[in-house]
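For reference, the chains in residue letters:
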Amino acid sequence: MFLLKEKISTQIEVKKSKFIATLAPFKDFESLNKALRDPKAAHVVWAYRYLNEFGQIVENSSDDGEPKGSSAPALLRALRGAELVDTCSLVVRYFGGIKLGIGGLARAYGASVNEAIKSAKDMGVLEFFEKKESLKVFVPFALISRCEHFAKTKNINFNQDFSPLGCDFSFSINHSQKAELIKFCATLNISLKFRIPK
């Protein structure tokens, strides 16, 4: 699976209708759905896929007034085919005066999203998705520098929250990093607190 690091927009024209496809991280979906609404646009068709807190893929889509099932499923198929998660796709259609029919709509919407996906690949804004888990560790002051050194050498992302007794380290780690962190904490006699995976 892959994630999109930044927003991408592309445009195609099919029988005088313009299709402007925008791919973006899922967190931007609501704001983009509002921002892309244009009184001159005939439709804003959208689809998204994201991982919920249980690691399940959640999908949703809307044909936004196009014939039911003619447009949004093509967007979802493109997102699935590219194995994208935590990603949304919105396609704004400006009607060019020629009706495309249900098959033509499906092809045009699918082609517009696939063009955006191709651009994302060409620009290098797709990254491999790796399921991460959040762990929290309380570290006394005497061990903070050892813990920081360990995390930096193992390329583990962390945040720190200092208190009068020491520091809470919050780690975002993959499966192999988790095993190393557990082993490291055991050598220092530090206990881990597990959080909901993300």
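A short tour of the structure in this document, coming up. Bear in mind that the values here come from a model prediction, so they are computed numbers and not experimental data.

1. Examining the overall build of the chain
Argument step 1. The helix and strand inventory of the chain stands at five helices and eleven strands.
Argument step 2. Across its three principal directions, the C-alpha atoms of the chain cover 75 × 30 × 30 Å.
Argument step 3. Taking all 198 residues of the chain together, the buried fraction comes to 45%.
Argument step 4. The contacts in the chain between residues at least 6 apart in sequence include a share of 67% that link residues at least 24 apart.
Argument step 5. Across the chain, 29 positive and 21 negative side-chain charges occur, with their mean positions spaced 2 Å apart.

2. Here we look at the sheet that holds strand β5 (residues 57–62)
Strand pairs in the sheet, formed through backbone hydrogen bonds, run parallel or antiparallel to each other.
Argument step 1. Spatially, β2-β3-β6-β4-β5 is the arrangement adopted by the five strands of the open sheet, whose pairing is antiparallel. The sheet is open, and its two edges are formed by β2 (8–14) and β5, each paired on a single side. Sheet twist, expressed as the mean angle between neighbouring strand axes with direction ignored, is 10°.
Argument step 2. As paired strands, β2 and strand β3 (residues 17–25) are joined by seven bridges and run antiparallel to one another. Each bridged residue has a counterpart across the sheet, and for Val-14 the counterpart in β3 is Ser-17.
Argument step 3. Strands β3, β4 (43–51), β5 and β6 (87–94) of the sheet are contacted by helix α2 (residues 72–81), whose axis makes an angle of about 35° with β4.
Argument step 4. Contacts between helix α3 (residues 101–123) and the sheet are confined to β2, β3, β4 and β6, with β2 contributing the most and set at about 145° to the helix.

Analysis parameters
Residues numbered from 1 in each chain as written. Predicted model: local features only at pLDDT ≥ 70, side-chain atom pairs only at ≥ 80, totals over all residues. Heavy atoms only, no water. Helix = DSSP H or I, 4+ residues; strand = E, 2+ residues; numbered from the N terminus. Buried < 20%, exposed > 50% of the residue type's maximum accessible area, 1.4 Å probe, protein only. Contact = heavy atoms within 4.5 Å. Lys, Arg positive; Asp, Glu negative; His and termini not counted. Charge placed at Lys NZ, Arg CZ, Asp CG, Glu CD. Pairing = 2+ DSSP bridges. Axes fitted to C-alpha atoms, helices over the stretch in contact; angles between N-to-C directions.

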